[in-house]
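Analysis of the macromolecular model
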Amino acid sequence: DAKTTQPTSMDCAEGRAANLPCNHSTISGNEYVYWYRQIHSQGPQYIIHGLKNNETNEMASLIITEDRKSSTLILPHATLRDTAVYYCIASLGNMLTFGGGTRLMVKP
Amino acid sequence: DVKVTQSSRYLVKRTGEKVFLECVQDMDHENMFWYRQDPGLGLRLIYFSYDVKMKEKGDIPEGYSVSREKKERFSLILESASTNQTSMYLCASSFLGRFGGPSYEQYFGPGTRLTVT
């Protein structure tokens, strides 16, 4: 798996968009980018994944740069329940390598 | 609704004991995983199984073994528990991704917090 780099922590105001960056400059052409999050005291939860194109689902949007060296997860209207650790993973195959993630704190 | 259950939320064992952590999933998933999570180290993969009786080592298999006799059940075994195995253990399952394609969403259980004294 390619190494990913994320900020350790971020704050976001409730109701605003949360933009979480991830750097994966050594990603190979067929590695996918995955995002999971882990709310305190729970197991991680899948959010979204993509290869080249931007992706959107009911939880978030994933923007991948054209050179695929970085990506951004966007939570369009963050709520207090979005406070969690967010993991960005670049991987090929069934096994995923979780790094330290970004601790997102959504504040009222 | 996918459900991954783990046998205990909290477990306290003594050094040298043999410990079994059980995980059961009800979605007919081929893949099952065992992770441990420690502060500052994130989630680390211990073992992975893609089929009954099949297993692959993850990043930190030393001191652990696994058993998968039935598709829905994946057991993690600590042959002789040590204090450095005190941790949160998380089980996950997913469908088997096809070669060259993305992996499928992993569903996680609630975790077992193991303390070895």
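Relevant structure appears above.
About the thresholds
- Residues numbered from 1 in each chain as written.
- Chains lettered and ligands numbered in written order.
- Predicted model: local features only at pLDDT ≥ 70, side-chain atom pairs only at ≥ 80, totals over all residues.
- Heavy atoms only, no water.
- Salt bridge = Lys/Arg side-chain N within 4 Å of Asp/Glu carboxyl O.
- Buried < 20%, exposed > 50% of the residue type's maximum accessible area, 1.4 Å probe, protein only.
- Helix = DSSP H or I, 4+ residues; strand = E, 2+ residues; numbered from the N terminus.
- Contact = heavy atoms within 4.5 Å.
- Buried area = accessible area lost by both parts, 1.4 Å probe.
- Polar contact = N/O pair within 3.5 Å; in protein donor to acceptor, adjacent residues only side chain to side chain.
- Nonpolar A, V, L, I, M, F, W, Y, C, P; charged D, E, K, R; others polar.
- Pairing = 2+ DSSP bridges.

Now for the pattern of salt bridges. Residues and elements named next belong to chain B. Taken as a whole and assessed by the stated rule, the structure comprises eight salt bridges over all chains. A salt bridge links D38 to R36, with the nearest nitrogen and oxygen atoms 2.9 Å apart. Taking relative accessible area as the criterion, D38 reaches 12% and is therefore assigned buried. Judged by its relative accessible area of 8%, R36 falls in the buried class. Note that E69 and K53 form a salt bridge whose closest N and O atoms lie 2.4 Å from each other. One end of the pair, E69, is in strand β7 (residues 65–70); the other, K53, is in the loop between β5 (42–51) and β6 (54–57), and 16 residues separate them in sequence. Residue classification places E69 among the exposed positions, given a relative accessible area of 52%.

To continue, consider the interface of chain A and chain B. Taken together, the contact between chain A and chain B spans 17 residues of the former and 25 residues of the latter. When the two sides are added together, the surface that chain A and chain B hide from each other amounts to roughly 1600 Å², 54% of it contributed by carbon and sulfur. Taken together, the links from chain A to chain B amount to zero salt bridges. The interface formed by chain A and chain B includes six residue pairs in polar contact (both at pLDDT 80 or more). Among the secondary structure elements, those contributing two or more residues to the side of chain A that touches chain B are β3 (32–38) and β4 (45–50) of chain A. Per element, the largest residue contribution to the side of chain A that touches chain B is four residues, and it comes from β3 of chain A. Grouping the amino acids of the side of chain A that touches chain B by side-chain chemistry returns nine nonpolar, eight polar and no charged.

This next bit is on the pairing of β6 of chain B. All names here are of chain B. Across three bridges, the pairing between β5 and β6 is antiparallel. Residue Y47 lies in a different strand from β6, and its bridge partner there is K57. The antiparallel hairpin formed by β5 and β6 contains two residues in its connecting segment, where K53 sits at a positive phi of about 65°.

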